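A structural walkthrough
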Amino acid sequence: MSTPTGTAAQRKAPHSPTRTDTAKARRRSPTRVNPALYLFPLPAVAIIAFFLVMPTLQAFQYAITDWNGFSAAFNYVGLDNFVRAFTKDSLFTNALTNNLKFVLMVVIAQTAFSLILALLLTKNSRGSILLRALFFFPTILSSVSVAFIWKFIYDPNFGLANAVLGGVGLEALQGSYLGNNAQALYWVAVTQVWFHAGQMMVVYIAGLQAIPRELYEAAEMDGAGRWQQFKSITWPFVAPATSIVVAYTTVQSFKAFDLILGIAGNPPKQSLDILSTRIYSTFANSEFGYAAAQSIIFMAMIALVTWLQRRLLRLTPKGE
Amino acid sequence: MSQISRRQAIAILGALGFGATAAACAGPGGTTTPGGATGPAAPATGAVTGKVSFAHWRGEDKVVFDELIKRFAALHDGVEVVQDISTSNDYNAQGLQKVRGAAIGDAFATFRGAQFKNFTEAGIYSELKGSKAAANYQPGLLTAGQSGDSQLGLPYQVVFPMPMANADLFDKAGAEIAPKDWDGFLAMCEKLAASGVIPISWPGGDVGNGGQLFNCMIANNAPVDDMCAQIEQGKLKCTDDWFLKMLGQYKDLVPYLQPNATGTAVEPAQNLFSQGKAAMLATGSYHIAAVRGLGAAFPIELVFPNTSDGNGKFEGAYNATFILGVNSASKNQAASAAWIDFLSEPENAGYYANQTAQHVAVKDVEYTNPDLKRLSPWLDKKTALAARFQFQNLDVRNAVEASATAVISGTSPEQAAEAAQKIVDERI
């Protein structure tokens, strides 16, 4: 236990103000400022209110109605729309299942593929730079263009995929691709990975180029092999990038609306229906209340999955 | 300017937020009468002048409409018609929201079925019964624009959602182009296949175009003419014998479709037909212009896959899309109605038809387009109004049609029918 030091007068002297004291003082004596200063955030507040707060709140309100989107008449139905989505709508649960499958496939494939690309192309040689540009190229295309390009690649009659297989004598592997319900989602996942892997490769390359070369030199001198170097040096440094890549890819694949609609047409068949396309179909079917409920479920799901990932994938460099 | 405290400032911002919340919580639907629409009354009369917005989805017809607009403007001083064109998907999904406030769409078009019903319920149509325009139409082709006793819309185009046929390939194969029954249809396919061509090119990967064949397949199978409406209401079921029989007939078609038909988009299907690799394209007459554009020079006929045993009620199927209407919320109804009247005159309708290779429901039209001329006899045949547009719920429609696609890809008719019925049951 510490012993008070100094004179009694010193001990009675007012102590230095704590945070609580400051807060109290602020409340007692409000800071006077020029009100004009408070006008500056008003445009931002108005924009946020109109374009974010109001639509979000409206979505919550519509979600508890049976509003059809245009009629003045509607009823409040409580949580019926939410219950319906999970208990009486196999199209919604089918889209949910497809979406989770799609996210899982794309996250695993895209993370692995973009990391491999980055590892192969991290050197600043002329060839690497050219290849990086090539792999990054799909990212600058619009998703609708990508969808149409791949729709024709997959076409069973005139498509490039079957033509190449036929050309190398692998006719037995030629297929219907998008016409095969059991496989269609995988083929769209391939397109999604092709589309975005270049972008994620750039994130990894940035992480890789930040690794001090000396570490590898020291490891080589110590006789560490390639795998040992990757495990002990590369991975700890690119782990935070993986966290970003996984989170970004997850959100991106949840919302692969335009790619799916471009490849599969509107409405997509059941084997390609994901949550965003299902919500669109429900809006188009004049069920605004129900579609709003589906949107809220969708939003909650993305938030939950992203949060879970952040919790589970706390990939930080060693020492931090 | 007096100074305010931070607390006051926060209070003001809070009030703004509360205001936004309160505004957001205003009931959906807005005003009691959407967009100020007043329900079906005849369009207002007056001077034909001012600006008319014509909302539709047929971008491919823009040039033809531009010419018609020029001709209309030449008849009326000071009138201006502007085309507000969306894609068909957008128009299907958002047409009502766009048109109901009459910011666009003083005159507009709708799809038959769910969209026409939605526009009707929203009170957007004016009453056109007894109008100068309505008198120009073939009475039997006006039904798709009627609601109760009212003639709210004028079904402008007439399309035949039946397989188009390359008549040269049929001649070469010695195949009957107008089979009287299902066995005759299959025999025809067999002859075509034996001659070395794909009998039917079917875009099974495209829900919209692939679904048109359904109109033919169901017409003579169903026990009633409003079969799809009754399926949606739960009165008829996909698991009924007649529906299973139809799915069985779809299964019969498998050997005569191109390989991997369920993965074929509409453009490759059109290519197979226009290149002479397939004898039929199972979409409809609305694709004539497209296949001509792809270089098809052969004579085109229509073939009805007659699923009956020879005593079928119908000889074909037709549809009336592009239903013209005058917006009841329009501030320029006189000019809008005059524009619809103008389009409905035989000379102008004929110009539209011949330039776009689409038949029209307007009577006394002279078809000069060789394809339309050849196919004009179909306008007088006993054709069924395309049944798939009876569905008001798009999920139900897609599920029921998907049962046919599932059969083509190898699912048994019973399983496919059960899967479709499950979704129908959920929507009832």
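Every value quoted in this text rests on a predicted model; they were computed, and no experiment measured them.

**Some details on the overall build of chain A**
Along chain A, the regular secondary structure elements total 14 helices and 1 strand. Within chain A, residue pairs in contact and separated by at least 24 positions form 66% of the contacts whose partners lie at least 6 positions apart.

**Some thoughts on the confidence of the model for chain B**
All names here are of chain B. Across chain B, the average pLDDT comes to 90, with 91% of residues at 70 or higher. Taken together, the stretch residues 31-39 has pLDDT below 50 and engages in 18 contacts with residues farther than four places along the chain or on a different chain. For this predicted complex, the interface confidence score (ipTM) comes to 0.81, while the overall pTM stands at 0.82.

**As for helix H11 (residues 226-254) of chain A**
Compared with the 42 Å implied by 1.5 Å per residue over 29 residues, the 35 Å span of H11 of chain A between its first and last C-alpha is markedly short. Most pronounced at Trp 235 of chain A, the bend in H11 of chain A amounts to some 50°, and the proline Pro 236 of chain A follows within four residues.

**Focus: helix H9 (residues 184-209) of chain A**
Relative to the 38 Å expected for 26 residues at 1.5 Å per residue, H9 of chain A spans 37 Å between its end C-alpha atoms, a close match to the ideal helical length. Along H9 of chain A, the sharpest change in direction is near 40° and occurs at His 196 of chain A.

**Observations regarding the state of the cysteines**
Residue and element names in this part refer to chain B. Taken as a whole, this structure holds 0 disulfides over all chains when the rule is applied. Take Cys 228: it sits in no disulfide, and the sulfur closest to it among the cysteines is that of Cys 238, at 9.0 Å. For Cys 228, a relative accessible area of 0% puts it in the buried group. We classify Cys 238 as buried; its relative accessible area is 0%.

**Brief notes about the confidence of the model for chain A**
Low pLDDT marks regions whose predicted coordinates should not be analysed in detail. This prediction gives chain A a mean pLDDT of 86; 88% of its residues lie at or above 70. When mean pLDDT is taken per element in chain A, helix H4 (residues 80-87) of chain A scores highest with 97 and helix H1 (residues 8-12) of chain A scores lowest with 49.

**What about the packing of helix H16 (residues 394-408) of chain B against helix H17 (residues 413-427) of chain B?**
Residue and element names in this part refer to chain B. Running from amino to carboxyl end, H16 crosses H17 at an angle of 175°, the nearest separation of the two axes being 8 Å. On the basis of their axis angle, the class for H16 and H17 is roughly antiparallel. The segment H16 lies against H17, with Asp 395, Val 396, Ala 399, Val 400, Ser 403, Ala 406 and Val 407 engaging Pro 413, Ala 416, Ala 420, Ile 423, Val 424 and Arg 427. Considered class by class, the residues forming the contact of H16 with H17 number 10 nonpolar, 1 polar and 2 charged.

**Re the pattern of salt bridges**
Counted according to the given criterion, the structure contains 19 salt bridges over all chains. Between Arg 427 of chain B and Asp 395 of chain B there is a salt bridge, and its shortest N-O distance comes to 3.1 Å. Taken as a pair, Arg 427 of chain B in helix H17 and Asp 395 of chain B in helix H16 lie far apart in primary sequence, 32 residues in all. We classify Arg 427 of chain B as buried; its relative accessible area is 13%. Residues joined by salt bridges that share partners form a network here, namely Asp 89, Asp 273 and Arg 278 of chain A together with Asp 395, Lys 422, Glu 426 and Arg 427 of chain B.

**Looking at the environment of Gly 50 of chain B**
Residues and elements named next belong to chain B. With respect to the helices, strands and loops of the structure, Gly 50 is situated in strand S2 (residues 50-56). Residues Gly 50 and Thr 405 lie 355 residues apart in sequence; the distance between their C-alpha atoms is 49 Å. Setting aside residues up to four positions removed in sequence, Gly 50 forms contacts with Gly 78, Val 79, Glu 80 and Asn 332.

**Let's talk about the sheet that holds strand S11 (residues 278-281) of chain B**
Residues and elements named next belong to chain B. In space, the 4 strands of this open sheet follow the order S10-S11-S9-S12, with mixed pairing throughout. Strands at the two margins of the open sheet, each flanked by one partner only, are strand S10 (198-201) and strand S12 (300-302). When the angles between neighbouring strand axes are averaged without regard to direction, this sheet yields 30°. Note: strand S9 (residues 164-166) against S11, 2 bridges, orientation antiparallel. From the neighbouring strand, Met 164 faces S11, where its bridge partner is Leu 281. Sheet contacts for helix H11 (residues 266-274): S9, S10, S11 and S12; angle to S11, the most-contacted strand, approximately 135°.

**A word on the nonpolar core**
As a rule of thumb, soluble globular proteins bury nonpolar side chains together. Residue and element names in this part refer to chain B. With 79 residues, the main nonpolar core has Phe 54, Leu 154, Tyr 156, Leu 324, Trp 339 and Val 360 as its most contacted residues. It is helix H13 (residues 333-343) that contributes the most residues to this core, 7 residues altogether. With residues near it in sequence (within four places) discarded, Val 360 still touches Tyr 156, Gln 157, Val 158, Ala 349, Tyr 352, Ala 353, Val 365 and Tyr 367. If you look at the next biggest cluster of nonpolar residues, it comprises 49 residues, including Trp 202, Ala 282, Val 303 and Ala 387.

**Section: a nonpolar patch on the surface**
Residue and element names in this part refer to chain A. Together, Phe 113, Leu 130, Leu 131, Leu 134 and Phe 135 line one region of the surface with nonpolar side chains, adding up to about 460 Å² of accessible area. It is helix H6 (residues 126-136) that contributes the most residues to the nonpolar patch, 4 residues altogether. If you trace the backbone, Leu 131 turns up in helix H6. Exposure remark for Leu 131: the relative accessible area of 37% places this residue in the partly exposed category.

**Focus: the packing of helix H10 (residues 241-253) of chain B against H17 of chain B**
All names here are of chain B. As a packed pair, H10 and H17 sit with axes 9 Å apart at the nearest point and diverge in direction by 125°. Between H10 and H17, the angle falls in the class oblique. Between H10 and H17 lies a crossing whose hand is right-handed. On H17, the residues touching Leu 244, Leu 247, Gly 248 and Lys 251 of H10 are Pro 413, Glu 414, Ala 416 and Ala 417. Its residues placed into classes, the contact of H10 with H17 shows 5 nonpolar, 1 polar and 2 charged.

Criteria and thresholds
Residues numbered from 1 in each chain as written. Chains lettered and ligands numbered in written order. Predicted model: local features only at pLDDT ≥ 70, side-chain atom pairs only at ≥ 80, totals over all residues. Heavy atoms only, no water. Helix = DSSP H or I, 4+ residues; strand = E, 2+ residues; numbered from the N terminus. Contact = heavy atoms within 4.5 Å. pLDDT = per-residue confidence, 0-100. Expected span 1.5 Å × (residues − 1). Bend = angle between axes of the 7 residues up to and from the residue. Disulfide = S-S within 2.5 Å. Buried < 20%, exposed > 50% of the residue type's maximum accessible area, 1.4 Å probe, protein only. Axes fitted to C-alpha atoms, helices over the stretch in contact; angles between N-to-C directions. Parallel < 35°, antiparallel > 145°, perpendicular 65-115°, else oblique. Nonpolar A, V, L, I, M, F, W, Y, C, P; charged D, E, K, R; others polar. Salt bridge = Lys/Arg side-chain N within 4 Å of Asp/Glu carboxyl O. Pairing = 2+ DSSP bridges. Core = buried A, V, L, I, M, F, W, Y, C linked by side-chain atoms within 4.5 Å. Patch = residues over 30% accessible without salt bridge, like charges linked within 9 Å, V, L, I, M, F, W, Y side chains within 5 Å. Areas by Shrake-Rupley, 256 points an atom, 1.4 Å probe, with all protein chains shown as cover. Left-handed = near helix turned anticlockwise from the far one by under 90°.

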